[in-house]
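Working through the structure, step by step
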Amino acid sequence: MREVVVLGVGVHPWGKFDEKSVLQMTLETANKAVEDAGVEWRDIGGIGAASSHFSGGMGWGLSANELTQAVAMNGVPVFNVSAACAAGGSAFNAAYLMVANGVCDIALVIAGEKMPKGFIPRTPGAAEDITDIDYLRWSAIGLPNPGYWAMEARRRMHDFGTTEAHFAKVSVKAHKVGAQNPYARYHKVFTLEEVLNSNMVNYPLRLYEICAVSDGAAAIILGSSEEGRKRTTKPVSVAASTIATGKFGDPQIRIPEISTTAKPTAPYYSEATIAVKRAYEMAGIGPEDISFAEIQDNCSWQELAWPELFELCQPGESDWMVDHDETGVDGKLPINPSGGFLSFGEATTAMGIWQVYEIVEQLRGQAGARQVKNAKVGIGATLGLGANGSAIILKV
Amino acid sequence: MSARVSKRVPVVEGLFTWPSDKPQLMGTRCLSCGSYFFPRKMTCSNPDCKEKKVEEVLLSPRGKLYSYTIQYYPPPPPFRYSEPFAPYGIGLVELPEGIRVAGMLTTGDINEISIGMDVELVVEKVYEDDEGNEVVTYKFRPLS
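Keep in mind the model is a prediction, meaning the values are calculated, not measured.

**Topic: the overall build of chain B**
Tallying secondary structure elements over chain B gives zero helices and nine strands in all. Secondary structure elements in chain B, listed N-terminal to C-terminal, are β-β-β-β-β-β-β-β-β. Principal axes of the C-alpha set define a box for chain B whose edges measure 55 × 35 × 30 Å. A separation threshold of at least 6 residues defines the contact pool for chain B, and within that pool the share at least 24 residues apart is 52%.

**Some remarks on the overall build of chain A**
Along its length, chain A carries 13 helices and 12 strands. For 396 residues, the compact-globule formula gives about 21 Å, and the C-alpha radius of gyration of chain A, at 20 Å, lands near that figure. Projected onto its principal axes, the C-alpha coordinates of chain A cover approximately 55 × 50 × 45 Å. Within chain A, buried positions represent 60% of all 396 residues. Look at the contacts in chain A between residues 6 or more apart in sequence, and 75% of them connect residues 24 or more apart.

**Details of the sheet that holds strand E12 (residues 388-395) of chain A**
Residue and element names in this part refer to chain A. The strand order across the open sheet built from nine strands is E3-E2-E4-E7-E1-E8-E12-E11-E10, with neighbouring strands paired in mixed fashion. Two strands close off the open sheet at either side, each with one partner strand: strand E3 (78-81) and strand E10 (292-294). Between one strand axis and the next, the sheet turns by 25° as a mean value, whatever way the strands run. Two elements, strand E1 (residues 4-11) and strand E7 (residues 216-224), share seven bridges in a ladder whose sense is antiparallel. When the bridges of E7 are listed, Val11 appears paired with Ala218. Docked against the sheet, helix H1 (residues 22-37) engages E1, strand E4 (106-113) and E7, running at close to 130° with respect to E1. Of the strands in this sheet, strand E2 (47-50), E3 and E4 touch helix H2 (residues 63-71), which is tilted by about 125° from E2.

**Re the interface of chain A and chain B**
Residue-level contacts link 30 residues of chain A with 37 residues of chain B. Elements represented by at least two residues in the side of chain A that touches chain B include exactly helix H4 (133-141), helix H5 (145-160), strand E5 (200-202) and strand E9 (259-261) of chain A. For the side of chain A that touches chain B, the residue count by class is 18 nonpolar, eight polar and four charged. Taken together, the three bridges between E9(A) and strand E7 (residues 99-105) of chain B define a ladder with antiparallel strand orientation. From the neighbouring strand, Thr261(A) faces E7(B), where its bridge partner is Ile99(B).

**Structural notes on the sheet that holds strand E4 (residues 54-58) of chain B**
All names here are of chain B. In spatial order, the strands read E3-E2-E4; together these three strands make up an open sheet with antiparallel pairing. Single-partner strands in this sheet number two, and they are strand E3 (36-37) and E4. Pairing of strand E2 (residues 26-30) with E3 involves two bridges; the strand directions are antiparallel. Bridge pairing in E3 links Arg29 to Tyr36.

**Some remarks on H1(A)**
All names here are of chain A. Taking 1.5 Å per residue as the helical rise, H1 with its 16 residues ought to reach 22 Å, and the 22 Å between its terminal C-alpha atoms agrees with that figure. For H1, the secondary structure elements touched by its buried residues are E1, H2, E4, E7 and helix H8 (225-231). Phi turns positive, to about 70°, at Gly38, one or two residues after H1.

**Description of the environment of Leu196(A)**
Residues and elements named next belong to chain A. In this fold, Leu196 is placed in helix H7 (residues 192-196). Leu196 gets classed as partly exposed once you count the C-beta atoms within 10 Å, which come to 19. Residues Leu196 and Val322 lie 126 residues apart in sequence; the distance between their C-alpha atoms is 16 Å. Apart from the residues lying within four places of it in its own chain, the contact partners of Leu196 are Glu164 and Ala168.

**What to know about unusual backbone geometry**
The residue after Trp18(B), namely Pro19(B), is reached through a cis peptide bond having omega 0°. Take Pro19(B): it is sitting in the loop between strand E1 (8-10) and E2. With an omega dihedral of 15°, the bond running from Pro77(B) to Pro78(B) counts as a cis peptide bond. With respect to the element layout, Pro78(B) can be found in the loop between strand E5 (62-71) and strand E6 (88-94). Positive phi, close to 55°, is recorded for Asn374(A), a residue that is not glycine. In this fold, Asn374(A) is placed in the loop between helix H13 (351-363) and strand E11 (377-384).

**Focus: the nonpolar core**
The biggest cluster of nonpolar side chains holds 160 residues, and the ones touching the most others in it are Ala95(A), Ile220(A), Leu222(A) and Ile353(A). Leave out the neighbours within four places in its chain, and Ala95(A) touches Gly46(A), Ile47(A), Gly48(A), Ala107(A), Leu108(A), Val109(A) and Leu222(A).

**Observations concerning the packing of H1(A) against H2(A)**
Residue and element names in this part refer to chain A. Two elements in contact, H1 and H2, have axes separated by 10 Å at closest approach and are oriented at 70°. Between H1 and H2, the interaxial angle falls into the category roughly perpendicular. The two elements H1 and H2 cross, and the hand of that crossing is right-handed. Listed contacts from H2 to Leu23, Thr26, Leu27 and Ala30 of H1 are Ser63, Glu66, Leu67, Ala70 and Val71. Its residues assigned to classes, the contact of H1 with H2 comprises six nonpolar, two polar and one charged.

Analysis parameters
Residues numbered from 1 in each chain as written. Chains lettered and ligands numbered in written order. Predicted model: local features only at pLDDT ≥ 70, side-chain atom pairs only at ≥ 80, totals over all residues. Helix = DSSP H or I, 4+ residues; strand = E, 2+ residues; numbered from the N terminus. Contact = placed C-beta atoms within 7 Å. Rg over C-alpha atoms; globule rule 2.2 N^0.38 Å. Buried ≥ 20, exposed ≤ 12 C-beta atoms within 10 Å, placed from the backbone. Pairing = 2+ DSSP bridges. Axes fitted to C-alpha atoms, helices over the stretch in contact; angles between N-to-C directions. Nonpolar A, V, L, I, M, F, W, Y, C, P; charged D, E, K, R; others polar. Expected span 1.5 Å × (residues − 1). Core = buried A, V, L, I, M, F, W, Y, C linked by C-beta atoms within 7 Å. Parallel < 35°, antiparallel > 145°, perpendicular 65-115°, else oblique. Left-handed = near helix turned anticlockwise from the far one by under 90°.

It is worth stressing that arrangement in space is one thing and function is another; only the former is reported here.
This is the structure:
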């Protein structure tokens, strides 16, 4: 496979955009990336699109086709990729593989998402009996998504002595950074007391420690290194792009399952950790070389647990790091210098591509007040329903 | 008391034995690798398993609490509850068979719940349906 570089990036603000269609959001965002890359639509030789978005659309997610039919019908190959909340990472991987294997020299990665208000609804037409695991978790247990994370969080308190204040500090840090990100949905800064006084949702997790859902869109233009030399003086290189699925025996209690067949030797959060491990191997880069990370903080717990699972720090060390602001922008291991999902809200399928946008901004030195000093290597990782995981490592 | 004869009906068929004085969860066991699954599965997801034949089994009614949460707000449908909503515990229970099972706890009082405690399977009401039947599910009750 040949080297792949990022030629251009684009992002839509995160929030609620009732007046816009998903196509309008993705088109605006893709146009930003096209402009940033210095390419024309006719130069794009392939598209990876995160699909299966909640707003449906043509064929329940022929997102790339909708885009080509709107702006550039050029006969190019497209992949509309379903991988739930990891779909952005999967779409990136599809486009990456096209360029790396010479299918095309320039490819677009795109995702846009408009999330329903309130709870994420069940799949239309899903069975209401023993055959539908999602039906079981709601009807027989009354177990919503934050409940899964809360049980992991409560166990962490038992295993490592993590306190409710640690979870709250993660939220304080996220919103402090997010307030400085122009594309974040939430720009309010919270004190520790305000977070600790927010409503308990699923003990030990409180309202301000759990991400909301948002509308958003992000786009990336990938190219061969030759295209990179032609079009940019400071290309960001894709050191690795990987996807993975879950491993048998993984002890995590995985949404929407109601049990786990736990084997002591199996990796924890395997879909994400396997993707990350493969990314380290592919890049020839170890966790000690990582300058900063963008990870999927659906709630505060992930931001403590995931850096440990990805071997960016020792098991249990995240609490100390948060206590000493070492995961802040100026710390020794900045986590989510974007402000994270907590500041943006989750636009599910778009998040993996949005992470790439944020990492590129850092590596280009364009992150302003949020700039990580000496940012050379960034890692991003997502996890999606159905045991989907993705990871990317970018470097300059 | 209601003049109607109310029945106790399971929230879902095929999840636990009912009616029963000693209800148990209905699972499967792989005949080759010995792994247990809940609820019942068609086959075995162990990639090293060749035969993948599974048999139906009933799971131990006792286990240890691995972790828990308290559900402080009413989940959306298809969850149903009888007004007024009362916060309830949800536990992740380690069974001797080597699987962890999520289920409601019989209490929502955090002072009655601790990691590592022994729990026992019971069947209790979730809500009352329009015909006056008690719709029941499996729950775990603290044993100490």
